[in-house]
Amino acid sequence: YFFARPMPSSEFEELLRSCHTSKNVCIPESLPEKRGLPTILVVDENAAYIKTIRDSLGEFYNIVGENSADSALSFILTHGSGIGAMLLSATLPGDDSVRLLSSMRKISGLWDLPVISTIPDGSCTELLPFTSMTDDFICRCHPLTDLQRRIRNLLDASSPRRRDSSLNNIAYKDFLSGLLTQ
């Protein structure tokens, strides 16, 4: 900036504002949290499964349910780093699961959000390549205590990784523009 042609201050301020509200930067808003519990985003086409998760794990986690990839992506963009983990159905219509996961991995600050993919039962072997893109996977027919244990383990394992990532982002962030520089 110092060696370029000087820019009027109003244009420079507008440039800084537009950098902070671009689609690649996630500005978290307040989550509807209860009792300081970690938020788990459940993306599944089956509303009964979301209700089952909410009823059985609601005392341990703040469960937010979405039934489509588009609504889940808008929730992720809105609430950002306030989400602790995501349960993603591998059987969303079309290629919505892959599209949501690849879109989420491109968002700075959220590429390392822990994801557990869910499949209906053990006979869905054609979905196994998708599950390799996630951190863990589980069949819906498994007991919910297994799911709770996997979520807890994933949250415990990801917290130091996310803390290191946020420290790296702070270390390389330009304090004027908010952009990462390396």
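Residues numbered from 1 in each chain as written. Predicted model: local features only at pLDDT ≥ 70, side-chain atom pairs only at ≥ 80, totals over all residues. Heavy atoms only, no water.

Caption draft 1: Just the packing of aromatic side chains, in detail. What the rule picks out here adds up to zero aromatic pairs. Sitting over the face of the ring of tyrosine 49, arginine 140 holds its NZ or CZ atom 5.3 Å from the ring centroid. (Phe/Tyr/Trp six-rings, centres within 6.5 Å; stacked < 30°, edge-to-face > 60°. Lys NZ or Arg CZ within 6 Å of the ring centre and 35° of its normal.)

Caption draft 2: Layout of the side chain of serine 97. With respect to the element layout, serine 97 can be found in helix 4 (residues 96-105). Each residue touching serine 97, except ones within four places of it in the same chain, is listed here: Leu88, Ser89, Ala90, Thr91, Leu92 and Phe130. (Helix = DSSP H or I, 4+ residues; strand = E, 2+ residues; numbered from the N terminus. Contact = heavy atoms within 4.5 Å.)

Caption draft 3: Examining helix 3 (residues 69-79) more closely. Turning to helix 3, its buried residues are Ala69, Ala72, Leu73, Phe75, Ile76 and His79. Take helix 3 and look down its axis: the buried residues cluster within an arc of 160°, on one side only. The positive-phi residue at the C-terminal boundary of helix 3 is glycine 80, with phi of around 50°. (Buried < 20%, exposed > 50% of the residue type's maximum accessible area, 1.4 Å probe, protein only. Arc of directions from axis to C-beta.)

Caption draft 4: Looking closely at the sheet that holds strand 1 (residues 39-43). Pairing in this open sheet of five strands is parallel, and the strands run 2-1-3-4-5 from one edge to the other. The open sheet has two free edges, formed respectively by strand 2 (62-66) and strand 5 (136-139), since each of these has just one partner strand. Sheet twist, expressed as the average angle between the axes of neighbouring strands with direction ignored, equals 20°. Running over the sheet, helix 4 touches strand 1, strand 3 (83-89) and strand 4 (115-119) and is turned about 155° from strand 3. (Pairing = 2+ DSSP bridges. Axes fitted to C-alpha atoms, helices over the stretch in contact; angles between N-to-C directions.)

Caption draft 5: Layout of the pattern of salt bridges. Summed over the entire model, instances satisfying the criterion amount to seven salt bridges. Arginine 140 is the partner of aspartate 44 in a salt bridge, and the nearest nitrogen-oxygen pair spans 3.0 Å. Of this pair, aspartate 44 sits in the loop between strand 1 and helix 2 (47-57) while arginine 140 is found in the loop between strand 5 and helix 6 (144-171), placing the two residues 96 residues apart along the sequence. For the pair formed by aspartate 44 and arginine 140, the shared burial category is buried. (Salt bridge = Lys/Arg side-chain N within 4 Å of Asp/Glu carboxyl O.)

Caption draft 6: Structural context of the environment of serine 89. For serine 89, the position within the fold is in strand 3. Measuring from C-alpha to C-alpha, the distance between serine 89 and valine 42 comes to 8.2 Å, with 47 residues separating the pair along the chain. With sequence-adjacent residues up to four places away left out, serine 89 is seen in contact with Val43, Asp44, Glu45, Ser97, Thr118 and Arg140. In this structure the side chain of serine 89 is engaged in a polar contact, spanning 3.0 Å, whose partner is the side chain of glutamate 45. (Polar contact = N/O pair within 3.5 Å; in protein donor to acceptor, adjacent residues only side chain to side chain.)

Caption draft 7: The packing of helix 3 against helix 4, seen in detail. Where helix 3 meets helix 4, the axes come as close as 10 Å, and the angle between the chain directions of the two elements is 15°. Considered as vectors, helix 3 and helix 4 are oriented roughly parallel to each other. The way helix 3 lies across helix 4 gives a crossing that is right-handed. Packed against helix 3, whose contacting residues are Ala69, Asp70, Ala72, Leu73 and Ile76, the element helix 4 presents Asp96, Arg99, Leu100, Ser103 and Met104 at the interface. Residue composition of the contact of helix 3 with helix 4, grouped by class: six nonpolar, one polar and three charged. (Parallel < 35°, antiparallel > 145°, perpendicular 65-115°, else oblique. Left-handed = near helix turned anticlockwise from the far one by under 90°. Nonpolar A, V, L, I, M, F, W, Y, C, P; charged D, E, K, R; others polar.)

Any link to function would need more than the numbers given here.
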